[in-house]
Amino acid sequence: SYTWCAPALKQLSHSHQLCSSRQLVAEACIQSTRFDDARSFLTDAVKEVPGNFDAAFSLASFHLRMQCLGKECDENETRKSLLRAAKMDTSKASPFALLGIWYESKSDAKRAEGCYQKALSLDASHPVAGRGLQRLIELKDLVPHCKKAIEQNSPVNGWAWQALGQSKAVNEGDDSTAVICFQQALRCRDIQNPSSDMLGAFYRYTEMTANVYSEASMTWVELATCYRRMGKYSAALRAYEEAASTGTLPPAALCSWAQCDLDLGLYAEAAEKCDDVLACGDCSTELIRMASYIEAEALLSIARTDIQGGKNGSCRLHLVKAITRLEGLCPQNSTYCEIKLLGDLYSFGEALPPYVFDQMSSSEGEEQNADSSLPTEVEDKLSFIRKGEEAYAQALELVAKIDDEEEDKLFLLAATGTDLGINLLSQARTIAVALGDGSGGVAKTTIVDLAAESDRVKDLILRSINAFSQAIDHSPNDAGAWCGLGSALIFVDPLLSQHAFCRALQIDKSIAEPLSSIALLYADYDKTEKSAEILDALTQLEDTPLMWIGRGLLLEKTSRAWHDSPASREGCLTRASDAYRASLQIMQHPAALLGLSLTCRRADADVQISNDQLYSSLADRSSKIESRISMTLHQSSTGGGNIGASLIDGLFRIEEGLDAPDSSEVSRMMKEGVERIERARSRSSSKISNDISSSVTNCEIDLPLAASLQKKDNGKFPNDGIEKSLNEAARDVVHDTSASLHEHSLDQARNAVVLNPDSGESWLLLAKELAQAASSLNDDAATSETLSSAKAAADEALDLLQDQLLNASLIAPRRKAVHHENLIEYSEKSVVSAIPASALVSDAMSLVSWLGSMAEENQSRGDCATLQESLLLDPLNEVAATALGL
């Protein structure tokens, strides 16, 4: 017989299998928190095979786990059971590793360290002993043990690779080697899947009862941190994503991830992660400050993006949220970076139009400027920006307390002084814009004129010059300070301003602001050739809005020379409007909006003759719409401070009323236009003097305004033309009150259809007249016939309007280009064929649905859908609203 068939061996095998099965069942009971059942199975397993090491060690480890979980158990019995297991097989490292945990739980670090070292001497890669020793000794003393562990080809030496990675990254600063170590650790089983090990619960025994973060996710975080320090942001981002997919991340890791998103330009994602950090209830004060700062910086970047897209309301909300985050921190412990960022947030308010500050007034600002002639929303905006000035002043106080031996002190003083100067200059510009800066005409409305008449503007400009000068004293080679000084001096002495801009370029040739400012300065004083040279140089450097605005301004100046050639003049204006459009693609700058509004129109009637009538009418219509929209956006972004633009805006509103297809809107639009013109005309330069009473701060510099450098008047407003437009508008408004204006009889509607059978608008007018006529008939047969005719006319109108809408095409001009001796070219662009207004399509749809429901005497589901669609196209459609019962 064979040896393995002996009865004693069979009994021993059976007992071993039964013991192993009981251990597995006990582990399952532990996972399901059935601890009493687990204790019973393990005790029976030891009784079944008293000398079995696995059974004895399983029972001992169970007792230790209950002790670590805070369950009732005999601690001395736990130690004795571990010692018995160690004596059964002295070559096993696990009993010594668990004994180390027992001693560590009793705060006996010396004995615990000895047990861990004994376990590592038996198994250099033992995951419990290695992690235990890592908790007790310094990282540099653990490195020799880690090197021995990684020499073994073990799947559970991830702890050693992770510790080596931490040593390389923290102690040696070798992130490249640390990355390799962390990658090796992530391939090991004890890091990636600790639950597969029977002793996995003891890897981090001190956190058994806590909802801890997985070791794999923290290793991914450390790998991502190394990548971020190496500048590999994309790899760091992927590592953070893997960490998040592996387990929940701690607030510190979320802050690091948010900083990585911020570096990559993912501002919304960074702000969202900071919100998650601040929502945690167990964050330290340092983490709260860090998350608040990162989120505020991200929100400022989002606000900059919003302002470029014209999202003023969204920009305001992001600014307010960022300010709330920073001001919510403890002010006594505020750092320089936090205060300076707070000043940047407040200073950015200059880019917003005044109307968004309507609900942000401060009591201090209202009391200080209660007698000012400025509108309330402008004062609210100034109060908002002024808080940035206060923040910069506080930042200067903090920097002044730094030891003089610090190398960065002078740099910080210069940077903060430059920011303070920009803030003061922003306040001056805000007041000047509100008082009509750039309006032109007889009134002295340039910022130089306003500074001469208003002490408030002059004070802010001189204080700004003072701040920039102090910044230059601290750091003479600061290009930003020289550029800011030039921007402030341009209102005092253009020659000194040019010198400051040139000095900024000598220091740093890569910045675009000095070049664009010099180009506009030359253009303002009719030095067009010099200005064009500067703009050509700026083109090779950076694509900025001011570069395109400058080109548009030069083309407008050039168009004046072609007074005897309408085609060439229009060519210059067309190219100028293209330049302003290019500027708007970069940023919605108010100057570009105003320039586009004034240059995109058809220049001369003689030019239209050279093209066919259809093209000219469509081009005129599209240019009028673009001009009105640009002017509306300009007025919205500036608050209507420019008097000339406000006058033109009123004229545009009157023109829109005259072109309105709906007679009910004509009177309202024309009245609004007249009111806007009268409001603009009521403003005069005499009201500027009312602003002088505001408080003035003494300044160390008192530079006189260079009166000899003030420009002459550009000319008078076309008051005669404006007066004529107002008189015509008044007559039209009076006539519009009568019932005869824009009314069409049934005969006139039929004649319009006969004369223009392809016009959907004519068919729609006929359908309305027939429906109105049917309502006045007393004969049922005649009424039914008239309604049937109205339904047919409405169907035809809807078909024609939809066909015109869906089959729009490009219509090319007949005249392509005109060349002259100075090579000024002009070419017209193709325009889209006339597209019907949404209100007309909505009227046709609602009328078809309503007439159809009257004929069928009940309203189908399709009719309801058509009415809802027509109401979406035109929310003011009364027919659709009435039919739907709204």
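Residues numbered from 1 in each chain as written. Predicted model: local features only at pLDDT ≥ 70, side-chain atom pairs only at ≥ 80, totals over all residues. Heavy atoms only, no water.

To continue, consider the overall build of the protein chain. The number of helices and strands found in the protein chain is 41 helices and two strands. By sequence separation, contacts in the protein chain at least 24 residues apart represent 63% of the contacts at least 6 residues apart. Carbon and sulfur atoms make up 51% of the accessible area of the protein chain, which totals about 44,200 Å². (Helix = DSSP H or I, 4+ residues; strand = E, 2+ residues; numbered from the N terminus. Contact = heavy atoms within 4.5 Å. Areas by Shrake-Rupley, 256 points an atom, 1.4 Å probe, with all protein chains shown as cover.)

Time to look at the pattern of salt bridges. Throughout the structure, instances matching the rule amount to 31 salt bridges. Where R111 meets D108, a salt bridge forms, and the shortest distance between an N and an O atom there is 3.6 Å. Residue class for D108 comes out partly exposed when judged on its relative accessible area of 25%. Here E172 and K168 are joined by a salt bridge, their closest N and O atoms 3.2 Å apart. Each of D275, E295, K321 and R325 takes part in a single network of salt bridges with overlapping partners. (Salt bridge = Lys/Arg side-chain N within 4 Å of Asp/Glu carboxyl O. Buried < 20%, exposed > 50% of the residue type's maximum accessible area, 1.4 Å probe, protein only.)

This part takes up the packing of aromatic side chains. With the rule as written, the count across this model stands at four aromatic pairs. Ring plane angle 85° and centroid distance 5.3 Å describe the contact between W102 and Y103, whose orientation is recorded as edge-to-face. The exposure class of W102 is buried, given its relative accessible area of 7%. Judged by relative accessible area, which is 12%, Y103 ranks as buried. Between the aromatic rings of Y240 and W257, the centroid separation amounts to 5.8 Å while the plane-to-plane angle is 10°, which identifies the pairing as stacked. With Y240 in helix α13 (residues 233-246) and W257 in helix α14 (residues 251-264), this residue pair connects regions lying 17 residues apart in the sequence. Here W257 falls in the buried class, since its relative accessible area comes to 11%. When the ring centre of W102 is taken as origin, the NZ or CZ atom of R79, which lies over that ring, is 5.8 Å away. (Phe/Tyr/Trp six-rings, centres within 6.5 Å; stacked < 30°, edge-to-face > 60°. Lys NZ or Arg CZ within 6 Å of the ring centre and 35° of its normal.)

Moving on, we come to the state of the cysteines. Enumeration according to the criterion identifies zero disulfides in this entry. Lacking any disulfide linkage, C280 is separated from the closest cysteine sulfur, that of C283, by 4.6 Å. (Disulfide = S-S within 2.5 Å.)

In this section: the side chain of D478. Inspection of the secondary structure puts D478 in the loop between α23 (455-474) and α24 (479-489). For the buried residue D478, which engages in no salt bridge, the nearest side chain bearing the opposite charge is K340, 10 Å off. Beyond its immediate sequence surroundings of up to four residues, D478 is in contact with A414, A415, T418 and I507. (Lys, Arg positive; Asp, Glu negative; His and termini not counted.)

We now examine the environment of E241. By the element assignment, E241 lies in helix α13. Separated by 20 residues in the primary sequence, E241 and V221 place their C-alpha atoms 9.2 Å from one another.

For the protein chain, the average pLDDT comes to 78, and 77% of its residues sit at 70 or higher. Residue range residues 733-744 is modelled with pLDDT below 50. Its contacts to residues more than four positions away, or to other chains, number 16 contacts. Scored below 50 in pLDDT, residues 818-826 shows 25 contacts in the model against residues more than four places distant or in partner chains. (pLDDT = per-residue confidence, 0-100.)

Moving on: the packing of helix α16 (residues 285-308) against helix α17 (residues 312-327). Running from N to C, α16 and α17 point in directions that differ by 165°, and their axes come no closer than 8 Å. On the basis of the axis angle, α16 is roughly antiparallel to α17. Between α16 and α17 lies a crossing of left-handed hand. Listed contacts from α17 to S292, Y293, E295, A296, L299, L300, I302, A303, D306 and I307 of α16 are N312, S314, C315, H318, L319, K321, A322, R325 and L326. (Axes fitted to C-alpha atoms, helices over the stretch in contact; angles between N-to-C directions. Parallel < 35°, antiparallel > 145°, perpendicular 65-115°, else oblique. Left-handed = near helix turned anticlockwise from the far one by under 90°.)

We now examine a nonpolar patch on the surface. On the surface, a nonpolar cluster with roughly 230 Å² of combined accessible area is contributed by I625, I629 and L633. Looking at L633, the relative accessible area reads 34%, which means it is partly exposed. (Patch = residues over 30% accessible without salt bridge, like charges linked within 9 Å, V, L, I, M, F, W, Y side chains within 5 Å.)

Turning our attention to helix α10 (residues 175-186). Here α10 is 12 residues long and its end C-alpha atoms lie 16 Å apart, about the 16 Å a rise of 1.5 Å per residue gives. Among all positions in α10, only D175, A178, V179, C181, F182, A185 and L186 are buried. Along the axis of α10, the buried residues cluster in a sector spanning 165°; they form a single face. Its buried side turned inward, α10 meets α9 (158-171), α11 (189-192) and α12 (215-229). (Expected span 1.5 Å × (residues − 1). Arc of directions from axis to C-beta.)

Here we come to the nonpolar core. In this structure, L64, L98, I101, V128, L319 and L345 are the most contacted members of the largest nonpolar core, which totals 97 residues. If one sorts the elements of this core by residue count, α16 sits on top with 10 residues. When sequence neighbours within four positions are dropped, the list of residues in contact with V128 reads A97, L98, I101, Y116, L199, F202 and Y203. One finds V378, C483, L535 and L554 within the second-largest nonpolar core, a separate group that totals 43 residues. (Core = buried A, V, L, I, M, F, W, Y, C linked by side-chain atoms within 4.5 Å.)

The subject of this paragraph is the packing of helix α3 (residues 53-68) against helix α5 (residues 94-105). Axis separation between α3 and α5 bottoms out at 11 Å; the angle between their running directions is 20°. By the angle between their axes, α3 is roughly parallel relative to α5. α3 and α5 meet at a crossing whose hand is left-handed. In this structure, α3 contributes F53, F57, S61, L64, Q67 and C68 to the contact, and α5 contributes S94, P95, L98, I101, W102 and S105. Classifying every residue of the contact of α3 with α5 by side-chain character gives eight nonpolar, four polar and no charged. (Nonpolar A, V, L, I, M, F, W, Y, C, P; charged D, E, K, R; others polar.)

Glancing now at unusual backbone geometry. We note that S107 has phi near 65°; this positive angle belongs to a residue other than glycine. Topologically, S107 is positioned in the loop between α5 and α6 (109-122). Residue S107 is classed as exposed on the basis of its relative accessible area of 67%. Positioned with a positive phi, D526 is a non-glycine residue whose angle comes to about 60°. Looking at where D526 falls in the secondary structure, it is placed in the loop between α26 (513-524) and α27 (528-541). According to the relative accessible area criterion, D526 is exposed, its value standing at 52%.

Moving on: the environment of S347. Its place among the elements puts S347 in helix α18 (residues 336-347). Using a relative accessible area of 13% as the deciding quantity, one classes S347 as buried. Considering only alpha carbons, one finds S347 and L424, 77 residues apart in sequence, at a separation of 9.1 Å. For S347, the contacting residues outside a window of four places in its chain are I385, G388, Y392 and N423. Looking at S347, its side chain comes within polar contact range of the main-chain oxygen of G343, at 2.8 Å. (Polar contact = N/O pair within 3.5 Å; in protein donor to acceptor, adjacent residues only side chain to side chain.)

Once that is clear, we can look at helix α25 (residues 494-507). With 14 residues, α25 extends 20 Å from end C-alpha to end C-alpha; this agrees with the ideal 20 Å at 1.5 Å per step. Considered for burial, the residues of α25 that qualify are P494, S497, A500, F501, A504 and L505. Along the axis of α25, the buried positions cluster into a sector of 140°, meaning they face one direction only. What points out from α25, more than 90 degrees from its buried face, is the exposed set L495 and Q506. Tucked inside the fold, the buried residues of α25 contact α24 and α26. The N-cap residue of α25 is D493: its side-chain oxygen and the backbone nitrogen of L495 are 3.1 Å apart.

Moving on: the environment of Y203. Tracing the sequence through the fold places Y203 in the loop between α11 and α12. For Y203, a relative accessible area of 3% puts it in the buried group. Placed 76 residues apart in sequence, Y203 and P127 show a C-alpha to C-alpha distance of 6.9 Å. Among all residues touching Y203, those that are not within four sequence positions of it are P127, V128, R131, R135, D190, P194 and D197.

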